[in-house]
Amino acid sequence: QVQLVESGGGLVQAGGSLRLSCAASGRTFSSYSMGWFRQAPGKEREFVAAIGWSGGNKYYTDSVKGRFTISRDNAKNMVYLQMNSLKPEDTADYYCAARANIVIRTTANDYNYWGQGTQVTVSS
């Protein structure tokens, strides 16, 4: 089993930046593909970014391409989401997720483990 804890959320003005961190426990962390999802009030949870087990393969939803960067440090059991040029539309609860498979997926149901989320609010 993998346990995930997110941090780094907060309040930021439009155009600003935040870096979200996800601390993972589990001796097989390096074998998991990882993802970030977000859920705004009254909306469905949506895919943001994913990264393969080695960190070489990355995938982003169109709305964040060029602004967000996902990365991982397997030696430290950490996953990061660097968010630049933030927009009010990015306001949501952000969740770190893991799946016990090296293949990247973009659907929430394909992920096995979830953190409890960190709030990101972008003011205009």
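Residues numbered from 1 in each chain as written. Predicted model: local features only at pLDDT ≥ 70, side-chain atom pairs only at ≥ 80, totals over all residues. Heavy atoms only, no water.

The grouping of Trp53, Ile102 and Val103 at the surface amounts to a nonpolar patch, some 290 Å² of accessible area in total. Judged by its relative accessible area of 38%, Val103 is partly exposed. (Patch = residues over 30% accessible without salt bridge, like charges linked within 9 Å, V, L, I, M, F, W, Y side chains within 5 Å. Areas by Shrake-Rupley, 256 points an atom, 1.4 Å probe, with all protein chains shown as cover. Salt bridge = Lys/Arg side-chain N within 4 Å of Asp/Glu carboxyl O. Buried < 20%, exposed > 50% of the residue type's maximum accessible area, 1.4 Å probe, protein only.)

Inspection of every chain in the model, using the stated rule, returns 1 disulfide. Across the disulfide from Cys22 sits Cys96; the S-S distance is 2.1 Å. When the S-S torsion is -80°, as for the bridge of Cys22 with Cys96, the disulfide is left-handed. Of this pair, Cys22 sits in strand E3 (residues 18-25) while Cys96 is found in strand E9 (residues 92-99), placing the two residues 74 residues apart along the sequence. (Disulfide = S-S within 2.5 Å. Helix = DSSP H or I, 4+ residues; strand = E, 2+ residues; numbered from the N terminus.)

Alternating residues of strand E11 (residues 118-123) divide into Thr118, Val120 and Val122, all buried, and Gln119, Thr121 and Ser123, none buried. When strand E2 (residues 10-13) meets E11, the two strands line up parallel, connected through 4 bridges. Counterpart to Leu11 in the pairing with E11 is Thr121. Two elements, E9 and E11, share 3 bridges in a ladder whose sense is antiparallel. Residue Asp93 lies in a different strand from E11, and its bridge partner there is Gln119. (Pairing = 2+ DSSP bridges.)

Two strands pair when backbone bridges link them, and strand E1 (residues 3-7) and E3 are joined in this way by 5 bridges, in the antiparallel orientation. Across the sheet, residue Gln3 finds its bridge partner in E3, namely Ser25.

What follows deals with the sheet that holds strand E7 (residues 68-73). Strand order across the open sheet formed by 4 strands is E1-E3-E8-E7, with antiparallel pairing between neighbours. Taken across any chain shown, the strands that pair with only one partner, and hence form the sheet edges, are E1 and E7. Sheet twist, expressed as the average angle between the axes of neighbouring strands with direction ignored, equals 15°. (Axes fitted to C-alpha atoms, helices over the stretch in contact; angles between N-to-C directions.)

In this fold, Ser33 is placed in strand E4 (residues 33-39). For Ser33, a relative accessible area of 0% gives the class buried. Only 3.4 Å separates the side chain of Ser33 from the backbone oxygen of Val103, close enough to count as a polar contact. Setting aside its immediate chain neighbours within four residues, Ser33 contacts Ile51, Gly52, Trp53, Arg72, Ala97, Ala98, Arg99, Asn101, Ile102, Val103 and Tyr111. (Polar contact = N/O pair within 3.5 Å; in protein donor to acceptor, adjacent residues only side chain to side chain. Contact = heavy atoms within 4.5 Å.)

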